[in-house]
Amino acid sequence: MRSRTPRRRRTAAVTALLLTAVLVGVVNRPSQSIAAPAFSFGVAGDLGGNTKTASVLDAVRTSGTNTFFAIGDLSYSEVTPESAWCDLVKARVGGTYPFELLAGNHEDNGPDGLISNFAACLPDRLGVRGDYPREYYVDYPASSPLVRFVMISPKLIFPPSTSAWSYGKGTTHYNWTASAIDGARSAGIPWVVVGAHMYCLSLVDFPCASGTDIMNLLVSKKVDLYLQAHDHGYSRTKQLALNGSCTAIPTTSFNADCVADGNGSSSYTAANGTVIATVGSGGRNMNQEHPELPQGPFFQSWMGTNFNSTFGFLKVDVSDTSLAARFVRGAGGSFTDSFSITKGGTPPPTTTTTSSSTTTSSSTTTTTAATTTTTTGGGGSTTIVANADSFVQSDLPTTGHGADPALYVDSSPTKITYLKFDTSSLAGSTLTAATLKITTTSSTSSGSPDTQVVHPVSDSSWTESGLTYNTRPVVGAASLGSVSNTGSNTTYSITLDPSQLQSMIGGQLTLALDSTGGAGDAFYVNSREAAANPPQLLLSRQ
């Protein structure tokens, strides 16, 4: 990612992230709900030319995909010249494999080669229409198309011009994109997938790069899948649409009316809205994702350097009635994500199995915590991992602990733990049961004979980087539940009063833990920054 405009840098690292809908396990689904795929495609941007890139390309080769779209920022001059990078790709995926290119801001007018030179050695093999590899569309398979892929290049500069391509409303490029989408609908092509290198809605603390007009055009036309890169990480939104008070998707705030479907199983119905996936995980070094940003509730899954950094690509299986996508690992951690978009009514009941897996090699040990959602008819249960947590202490009133791997509760000096959960997918639900699940650290001193009490907190505007004792939100007086006489390295399930939580669900929900005092031993639990067993909220609903 190369910045063209000055951007505010964060002054404090937020070193973790929520896996609200990372589905680790087996999804049990009636066979008719997801049809057998007719073909598969892969996509990623920000590749580079290093060993991680090679591993991702190897994964592409063995994945069974029929074609791959590299959506910008290709070599980063890690392999030069452009032809040598093409040779690297061909050696990994095959000399005739359809490895389709789209320009990024590192090869539009440099500095890491020119897209025209990359296209000379990795030419179009699908029969695109338009200006390959800058702005084009292709219907695939050619004989009986199931998808129209539309590839665009907002904010890029192509010589000899010195001006960036604008996709503002009414411009030539905006109108071309609208026409390509409308043409697919008129031709009866079941799916429309749009790709661009520059992101707009994202989990990085930078402005929208592509321009909001083009993003809102795609959402207004309910393209099925909108792919972007430039952010070196991975993130995926819920299904978004313009509806009610949502006349445009905000990029620095949240509007619940913009969420067409945020169900925890990530099984969406076609024509209801657009899923935006940022896949900047092709091999180049990653950056942090920031789900605590105001726009964070739009997102359902993410990873970056601050959680389970994993290089890979998004594979999408396509049939005439479904798109079934999953993240495919190439190197690094053990991140996974999956979602589906299905035509023809409400998706069937699904069960996602929770698991916690540890992968150990000679050099790394990675643990993945899963988020579980079980839906049966109109009810079910949902397990949500905290998307922010920290503690404050009275003797260090200006110190934050948002990056700490452990959370503390104590009465002297006062230490209060704050936990935040995204419950936006449960808006309108009626709770029947609630449980807070926390795990004490392995330290022999982490247990306590004291009673730790869970309270509601009405203000969820706090962030991990900004929370201190002096800035802490007020803790509610009500007791939702408690635990006492705890030991180390033990998981505790605290039963909470669902009637008192009912008014808090549907958005960001904050809980606080404090101590009644007594023996004065501190209570230490794993934070979401810990390697395993982050705080979780289990909610059952009608």
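Just so it is clear, the model here is predicted, and its values are computed rather than measured.

### Considerations on helix α2 (residues 82–93)
Phase 1: Between its first and last C-alpha, α2 extends 17 Å over 12 residues, near the 16 Å set by a 1.5 Å rise per residue.
Phase 2: If you check which residues of α2 are buried, you get E82, W85, C86, L88, V89 and V93. Each buried residue of α2 sits inside an arc of 155° when the element is viewed along its axis, so together they form one side.
Phase 3: Elements that come into contact with the buried residues of α2 comprise α1 (51–62), β4 (99–102) and α3 (115–121).
Phase 4: One or two steps after α2, the chain reaches G94, where phi turns positive at roughly 115°.

### Concerning the confidence of the model for the protein
Atom-level detail of predicted coordinates should not be read off regions where pLDDT is low.
Phase 1: Confidence in the prediction for the protein averages 86 pLDDT; 85% of positions are at 70 or higher.
Phase 2: Low pLDDT, under 50, characterises residues 2–33; the stretch is placed with 113 contacts to residues that sit more than four places away or in other chains.
Phase 3: With pLDDT under 50 throughout, residues 345–378 is counted as low confidence; its partners more than four residues away or in other chains account for 90 contacts.

### Digging into the state of the cysteines
Phase 1: Tallied over the entire structure, the rule returns three disulfides.
Phase 2: A sulfur-sulfur distance of 2.1 Å marks the disulfide that ties C200 to C208. For the disulfide bridge between C200 and C208, the dihedral angle about the S-S bond is near -110°, and by the sign convention the bridge is left-handed.
Phase 3: Given the relative accessible area of 2%, C200 is considered buried.
Phase 4: Across the disulfide from C246 sits C258; the S-S distance is 1.9 Å. Taking the sign of the S-S torsion, about 100° here, the bridge from C246 to C258 comes out right-handed. Of this pair, C246 sits in the loop between β10 (234–240) and β11 (259–261) while C258 is found in the loop between β10 and β11, placing the two residues 12 residues apart along the sequence.

### Remarks on the nonpolar core
As a rule of thumb, nonpolar side chains are buried together in soluble globular proteins.
Phase 1: By size, the foremost hydrophobic cluster in this structure holds 105 residues, and its most contacted members are F41, F69, W85, F99, F149 and L314.
Phase 2: In contact with F99, not counting residues within four places along its chain, are L47, L57, F68, A70, W85, V89, V93, L122 and Y132.
Phase 3: In this structure, I384, Y492, L501 and F523 belong to the second largest nonpolar core, which totals 28 residues.

### Re the packing of aromatic side chains
Phase 1: In this structure the tally under the stated criterion is 19 aromatic pairs.
Phase 2: On the basis of an interplanar angle of 90° and a centroid distance of 5.6 Å, the ring pair of W85 and F118 is categorised as edge-to-face. Of this pair, W85 sits in helix α2 while F118 sits in helix α3, and the two are 33 residues apart along the sequence. There is no split in this pair, since W85 and F118 are both buried.
Phase 3: Chaining the aromatic ring pairs together yields one cluster made of F68, W85, F99, F118 and F313.
Phase 4: The ring of F311 has K52 sitting right over it, with the charged end atom 5.3 Å from the ring centre.
Phase 5: Over the face of the ring belonging to Y469 we find R472, whose NZ or CZ atom lies 3.7 Å from the ring centre.

What counts as what
Residues numbered from 1 in each chain as written. Predicted model: local features only at pLDDT ≥ 70, side-chain atom pairs only at ≥ 80, totals over all residues. Heavy atoms only, no water. Helix = DSSP H or I, 4+ residues; strand = E, 2+ residues; numbered from the N terminus. Expected span 1.5 Å × (residues − 1). Buried < 20%, exposed > 50% of the residue type's maximum accessible area, 1.4 Å probe, protein only. Arc of directions from axis to C-beta. Contact = heavy atoms within 4.5 Å. pLDDT = per-residue confidence, 0-100. Disulfide = S-S within 2.5 Å. Core = buried A, V, L, I, M, F, W, Y, C linked by side-chain atoms within 4.5 Å. Phe/Tyr/Trp six-rings, centres within 6.5 Å; stacked < 30°, edge-to-face > 60°. Lys NZ or Arg CZ within 6 Å of the ring centre and 35° of its normal.

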